[in-house]
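The chain contents come next:
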Amino acid sequence: MDHENHLIIEQKGALGIIVLNRVSSLNALTLDMINGIHQQIETWQDDTTIQAILIKSNSPKAFCAGGDIRYLYDHFKNGTAGHKGYFIAEYAMLNCIRASQKTVVVLLDGYVLGGGFGLAQACHIIVSSEKSRFAMPETAIGFFPDVAATHFLSRLDDIGVYLATTGDQITSSDALYLDLIDYHVPSQQFPALEEALSQTDHLSKDHIDQIISKFITRPVESELSGWVDNIRKHFGFENLDQIEQSLANESDQQHQAWATQVLNTLQQRSLLAKQTSLRLQYLGRGLSLQQCMQLERDLQDIWFEHGDILEGVRALIIDKDKQPKWQKSNPVLEKILAELG
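Please read all numbers here as calculations on a predicted model, not as lab measurements.

Q: Looking at this structure, I do not really get the sheet that holds strand E10 (residues 183–184). What am I missing?
A: Strand-to-strand pairing in sheets goes through backbone hydrogen bonds, with the strands running parallel or antiparallel. With mixed pairing, 6 strands are arranged side by side in an open sheet as E1-E2-E3-E5-E7-E10. The sheet is open, and its two edges are formed by strand E1 (7–12) and E10, each paired on a single side. Bridge analysis of strand E2 (residues 15–20) against strand E3 (residues 52–57) gives 6 bridges, and the strand direction is parallel. Looking at E3, one finds that Ile 17 is bridged to Leu 54. On the sheet, helix H1 (residues 31–45) packs against E1, E2 and E3 and is oriented at approximately 180° with respect to E2.

Q: Help me understand the UniProt feature "domain: Enoyl-CoA hydratase/isomerase" (unreviewed entry) in the chain in this model?
A: The positions UniProt marks with the feature "domain: Enoyl-CoA hydratase/isomerase" (unreviewed entry) are residues 16–329. Span residues 16–329 is 52% helix and 11% strand, its end C-alpha atoms 48 Å apart.

Q: What is the right way to read unusual backbone geometry from this model?
A: Of note, the phi angle at Asn 27 is positive, near 60°, even though the residue is not glycine. Its location among the elements puts Asn 27 in the loop between E2 and H1. Under the relative-accessibility criterion, Asn 27 is labelled buried at 0%. The phi torsion at Asp 157 lies on the positive side, around 50°, for a residue other than glycine. Mapped onto the elements of the fold, Asp 157 is located in the loop between helix H5 (149–152) and helix H6 (158–166).

Q: When you look at the sheet that holds strand E8 (residues 133–135) in this model, what are you seeing that I'm missing?
A: On the basis of which strands lie adjacent, the open sheet formed by 4 strands has the order E4-E6-E8-E9 and mixed pairing. The outermost strands of the open sheet, each flanked by one partner alone, are strand E4 (62–64) and strand E9 (170–171). In this structure, E8 lies alongside E9, joined through 2 bridges in antiparallel fashion. Looking at E9, one finds that Phe 134 is bridged to Ile 170. In this fold helix H4 (residues 115–122) packs onto E4, strand E6 (111–113) and E8, with an angle of close to 90° to the strand it touches most, E6.

Q: So what exactly am I meant to see when it comes to the nonpolar core here?
A: Nonpolar side chains tend toward joint burial in soluble globular proteins. In terms of nonpolar packing, the biggest core is built from 84 residues, with Ile 55, Phe 63, Ile 97 and Phe 235 touching the most fellow members. In terms of residue count, helix H3 (residues 82–99) provides more of this core than any other element does, 8 residues in total. Residues contacting Ile 97, with those up to four places away along its chain left out, are Ile 37, Ile 41, Ile 55, Val 104, Leu 119, Ala 122, Cys 123 and His 124. Formed by 21 residues, the second largest nonpolar core is a distinct cluster that contains Leu 15, Val 105, Tyr 183 and Leu 193.

The rules behind the values
Residues numbered from 1 in each chain as written. Predicted model: local features only at pLDDT ≥ 70, side-chain atom pairs only at ≥ 80, totals over all residues. Heavy atoms only, no water. Pairing = 2+ DSSP bridges. Helix = DSSP H or I, 4+ residues; strand = E, 2+ residues; numbered from the N terminus. Contact = heavy atoms within 4.5 Å. Axes fitted to C-alpha atoms, helices over the stretch in contact; angles between N-to-C directions. UniProt positions renumbered as here; feature names shortened; annotations may be inferred. Buried < 20%, exposed > 50% of the residue type's maximum accessible area, 1.4 Å probe, protein only. Core = buried A, V, L, I, M, F, W, Y, C linked by side-chain atoms within 4.5 Å.

Written out as structure tokens, the structure reads:
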């Protein structure tokens, strides 16, 4: 059954299925979708006929392109506190998925960006096809990677810093190499995998793992794995100027094109967003998941007042002039960041 909230809820055998169905917006998560997912997972906790939960997308292009940033922008501009309510609901949903007593499996086939990446990371078993592309692209709109990225990217050390500050996309091969997904299954095998899961009445986590392992194939070689030494060389600094300087000074001809491209990306990003993302990545390494999420929540509310997100959304989504005028500095934010230890 399809609800007004862009979700299709089904049950096949002992498998409860949530389908993201806002195809025209690449499944960008509305507040109704977030609440709908949360509610459905809660409901199924007490349903003895459901043994496991599957989350997937109805779009051939995307699992989920992130949060509904247009909604956040409009609500803030209208003077309502809608943005705060949105983040509260989103974080409650992520916690609910993680806490689910029934194993939550997610199938990724296409773009997995921002809030979609956070949603996928909250699931217990993450399966991706060769078609997936992953990124936390928040710095491009003058924001910082949230939805627990302070935790899941910071576990990747310098590579996490690179992904958080640039917003660069990686492939499913890269995601498997970095342990951001659990299994690689060819896209064309997804229907058969879902069928296999729905035909067994024994959906413990171990048994689900066994079923999935019958469908896995080895993906193409990870391109990112070849750049790891480079990323470490340039993104191991705690200071943004040092990172950019290091990229600018790359003297090895084999690596210059890559360094130039990465530097060019970084220089288009919001300074405040980059500095904050860098800071959060370092802080996240020493914090628990819940501490990371609390830190993000505290910063989100401040960010709409003082950060660059409104200008980023204006330039990229509202006016589409792609000419954001980023702030050179913001004393309030800089003070808060300095106080974060």
